[in-house]
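Summary of the model geometry
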Amino acid sequence: MKLVPLFDRVVLKQLVAEETTKSGIVLPGQAKEKPQQAEVIAVGPGGVVDGKEITMQVKVGDKVIFSKYSGTEVEVEDEKYVVVKQKDILAIIE
């Protein structure tokens, strides 16, 4: 199965959370904060959304930072993804 986003949606796969802090403290499962960094897996076509022309700024393979409480988590074939609107992506990591 393949996720194909519509309009200005983007499918992201979150990068793995750190198990230890920079000072070497090991974090238990519940204390780990979800990373806000992800890799772009699929990009919608853009187009007219709410009367405005949307041009997609990200492409498959980009590493991005997205808004903390945005998107919808989905699970497809035992893989977890987040589907967000392009406006919820804050930056591209180069």
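The model shown is predicted, which means the values in this text are computed figures rather than measured ones.

1. Regarding the sheet that holds strand E2 (residues 37-43)
- Spatially, E6-E7-E1-E2-E5-E8 is the arrangement adopted by the 6 strands of the open sheet, whose pairing is antiparallel. Of all the strands in the sheet, just strand E6 (72-76) and strand E8 (89-93) have a single pairing partner and so form its edges. For this sheet, the mean angle separating the axes of adjacent strands, direction not counted, is 45 degrees.

2. Thoughts on the side chain of Asp 88
- Position of Asp 88 among the secondary structure elements: in the loop between strand E7 (79-85) and E8.
- Buried charge Asp 88 goes without a salt bridge, the closest partner of opposite sign being Lys 87 at 5.7 Å.
- Leaving out residues up to four positions away in the same chain, Asp 88 has contacts with Phe 66, Ser 67, Ser 70 and Gly 71.

3. Looking at the confidence of the model for the protein chain
- Here the protein chain shows a mean pLDDT of 86. Residues at 70 or above account for 84%.
- Of all the helices and strands in the protein chain, strand E3 (residues 47-49) carries the lowest mean pLDDT, 85, while strand E5 (residues 63-66) carries the highest, 96.

4. Section: the side chain of Asp 8
- Mapped onto the elements of the fold, Asp 8 is located in the segment before strand E1 (9-14).
- Assessed through its relative accessible area of 8%, Asp 8 is described here as buried.
- Among the polar contacts listed, one links the side chain of Asp 8 to the side chain of Arg 9, at a separation of 3.5 Å.
- Ignoring sequence-local partners within four residues, the contact set of Asp 8 consists of Val 49, Ile 54, Met 56, Val 84, Lys 85 and Gln 86.

Rules used in this analysis
Residues numbered from 1 in each chain as written. Predicted model: local features only at pLDDT ≥ 70, side-chain atom pairs only at ≥ 80, totals over all residues. Heavy atoms only, no water. Pairing = 2+ DSSP bridges. Helix = DSSP H or I, 4+ residues; strand = E, 2+ residues; numbered from the N terminus. Axes fitted to C-alpha atoms, helices over the stretch in contact; angles between N-to-C directions. Buried < 20%, exposed > 50% of the residue type's maximum accessible area, 1.4 Å probe, protein only. Lys, Arg positive; Asp, Glu negative; His and termini not counted. Salt bridge = Lys/Arg side-chain N within 4 Å of Asp/Glu carboxyl O. Contact = heavy atoms within 4.5 Å. pLDDT = per-residue confidence, 0-100. Polar contact = N/O pair within 3.5 Å; in protein donor to acceptor, adjacent residues only side chain to side chain.

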